[in-house]
Amino acid sequence: MTRKITYADVQKAVDEAYELYKSDNNGTVDPRVAADSKPGIFGISLVLTDGRFVDKGDADVLFDLGPIVKIPLSAVLLSQNSPEGLMKKAGVCGCCCKAKTHDASGDKVDMPFGRHGLKAVSNIEPLGDPEGKMKVINDMLVAMSGCEPAFCDNLYKSLKDEIDKENIAARLTATGKEFPEEPSLSLDLYARLLALKMSARQVSVMGATLAADGRNPYSGEYAFDGKIAPYMVTLMATRGRHFIKGWLMRTGLPAKKSFSGAVTVVLPGFGAITAYGPEVDARGTSIKGAQAIAYIADKLGLNVFASARVEVEK
C-alpha cells in the first residue's frame, strides 16, 4: 500500500514546524558543548531519497555529532560482521540479555558516553590500529553524507579529561574480557568520533542514504550493501537509553540524538529529517528539535510501523 503526498506538503510541514518552535527558549545547553554553541539558533533539514530537500533556518550550522556517529559505525560493523556475529561481539545473546561493564571490584564503570558505542568502536577492524579504524569509519561517513566532517577540539579535550580523571581505561582493562583490544585505544578513538561536527543538512543526507538502502541521493554511489540497511534501522530503533521507547510511541520513527542538541530520524524509502537546537532537556534531548520532528511526522503521516509507504509525488 502506498500513500502519496506532494512536495508542497513536505515544504509546508517543515515551514510550520520551524515557525511553531523557533522561539522556544526552554532547556539549557550541555556544558560539554557550550563553548562552541550559540543559544537560540534552530535549523531543520529534510532530505528525500531522490535528493529533493527542504532546509529551514540554521540548517548549515555545524554541531557535534555525539552519539549520532553510531549511524556510520553501525554501517561499518554490519559490513564487517553478520548480524548474529555482531550480537555476540556486543555481549547480547539470542534472548537479548545484556552484558554489564564492571571493574574488578564489581562496581559498574561510569563513562562520559555510552557503553555500546565504545564496544562498537573496539570491535571494528583493524584491531589495535586506531588510525586505520578512523579511516574506515571516516570513509563510511563521507560516503554516506558526501562531505568531510569538521572536528571540535574543545569537546575532545573535555571527554579526554573526564576519561583520565576517572581512570576509565585502567578500570575497563580490569574487566578482562569486555573488549577485543586495549580499552585506552578505543576510548581515545570514540572521544574523537563524538567530537566530529556536521550540519543538519549533512546529517540528513547521511540518513537519506540509509533510507535508500545505502545509495547516496547526490553521488548516486552505494556507501554500503543495501542488505544491511534494515539492521541499521533496527539498531536506531532499539538503542537509546531513556529516549527511544517514548520517542517511538510518539513518532514511530527510528532516531538518534546528540547531547549537542541534534535529533535525526530515518524512514526507509522516504528519507531523513534532522533538527538542531542546542537547548536540551534533563535527558539531553533537543527541545525544539524533538518537537519539530514530531510535528512533521504527524503532519505527513510518517511512521515506520504504518502499513502504507509514503511516496512524495514528482
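Cut-offs applied
- Residues numbered from 1 in each chain as written.
- Predicted model: local features only at pLDDT ≥ 70, side-chain atom pairs only at ≥ 80, totals over all residues.
- Heavy atoms only, no water.
- Axes fitted to C-alpha atoms, helices over the stretch in contact; angles between N-to-C directions.
- Helix = DSSP H or I, 4+ residues; strand = E, 2+ residues; numbered from the N terminus.
- Parallel < 35°, antiparallel > 145°, perpendicular 65-115°, else oblique.
- Left-handed = near helix turned anticlockwise from the far one by under 90°.
- Contact = heavy atoms within 4.5 Å.
- pLDDT = per-residue confidence, 0-100.
- Buried < 20%, exposed > 50% of the residue type's maximum accessible area, 1.4 Å probe, protein only.
- Pairing = 2+ DSSP bridges.
- Arc of directions from axis to C-beta.
- Phe/Tyr/Trp six-rings, centres within 6.5 Å; stacked < 30°, edge-to-face > 60°.
- Lys NZ or Arg CZ within 6 Å of the ring centre and 35° of its normal.

Axes are the key here: two packed helices are described by the angle between their axes and the distance separating the axes. In the contact formed by helix α2 (residues 70-80) and helix α10 (residues 229-238), the axes pass within 10 Å of each other and the chain directions differ by 135 degrees. Comparing their axes, α10 and α2 come out oblique. Relative to α10, the crossing made by α2 is right-handed. Contacts between α2 and α10 pair Ile 71, Ser 74, Ala 75 and Leu 78 from the former with Tyr 231, Met 232, Leu 235 and Met 236 from the latter.

Let us now look at the confidence of the model for the protein. For the protein, the mean per-residue pLDDT works out to 90, and 89% of the residues sit at or above 70. Note that pLDDT drops below 50 for residues 93-100; the model gives that stretch ten contacts with residues more than four away or on any other chain.

Another point: the pairing of strand β8 (residues 255-258). What you see with β8 is no split at all: Ala 255 and Lys 257 on one side and Lys 256 and Ser 258 on the other are buried throughout. Connecting β8 to the antiparallel partner strand β9 (residues 262-267) that follows it, the hairpin turn spans three residues, and Gly 261 within it adopts a positive phi of roughly 110 degrees.

All right, on to the sheet that holds β9 then. Spatially, five strands are ordered β4-β3-β10-β9-β8 in an open sheet, and the strand pairing comes out antiparallel. What marks the edges here is a single partner per strand, and that holds for β4 (53-57) and β8. Between one strand and the next, the sheet's axes are offset by a mean angle of 10 degrees, whatever the strand orientation. Taken together, the six bridges between strand β3 (residues 43-48) and strand β10 (residues 271-276) define a ladder with antiparallel strand orientation. Counterpart to Leu 48 in the pairing with β10 is Gly 271. Running over the sheet, helix α1 (residues 7-21) touches β3 and β4 and is turned about 20 degrees from β4.

Buried residues of helix α11 (residues 244-251): Ile 244, Trp 247, Leu 248 and Thr 251, and no others. Mapping the buried residues of α11 onto a view down its axis gives an arc of 100 degrees, with all of them on the same face. Across α11 from its buried face, at more than 90 degrees, point the exposed residues Lys 245 and Met 249. Residues of α11 that are buried sit in contact with α10, β8, β9 and α12 (287-300). One or two positions beyond α11, positive phi appears at Gly 252, with a value near 75 degrees.

Moving on, we get to the pairing of β4. Pairing analysis gives five bridges linking β3 to β4, with the strands arranged antiparallel. Opposite Val 47, over in β4, you have Phe 53 as the bridge partner. The antiparallel hairpin formed by β3 and β4 contains four residues in its connecting segment, where Gly 51 sits at a positive phi of about 100 degrees.

The subject of this paragraph is the packing of aromatic side chains. The geometry of an aromatic ring pair is captured by two quantities: the separation of the ring centres and the angle between the planes. Throughout the structure, instances matching the rule amount to three aromatic pairs. Here Tyr 18 and Phe 42 contribute two aromatic rings whose centre-to-centre distance is 5.5 Å and whose plane-to-plane angle is 5 degrees, an arrangement assigned as stacked. Taken as a pair, Tyr 18 in helix α1 and Phe 42 in the loop between β2 (28-29) and β3 lie far apart in primary sequence, 24 residues in all. Here Tyr 18 matches Phe 42 in class, with each residue buried. A cation over an aromatic ring shows up here: Arg 32 above the ring of Phe 259, its NZ or CZ 4.1 Å from the ring centre. Cation over ring: Arg 201 sits above Phe 53, and NZ or CZ is 3.7 Å from the ring centre.

Attention now moves to the sheet that holds strand β7 (residues 196-199). Judged by pairing direction, the sheet is antiparallel, and its three strands sit side by side in the order β5-β7-β6 without closing on themselves. Strands at the two margins of the open sheet, each flanked by one partner only, are β5 (62-64) and β6 (150-151). Where β6 meets β7, two bridges bridge the pair, whose relative direction is antiparallel. Across the sheet, residue Ala 150 finds its bridge partner in β7, namely Lys 197.

What follows concerns unusual backbone geometry. The amide bond that connects Glu 125 to the next residue, Pro 126, takes the cis arrangement and shows omega of 10 degrees. Its identity as a non-glycine residue notwithstanding, Asn 167 has a phi of 55 degrees, on the positive side. Relative to the elements of secondary structure, Asn 167 occurs in the loop between α6 (153-165) and α7 (168-173). Asn 167 sits in the partly exposed class, given a relative accessible area of 45%.

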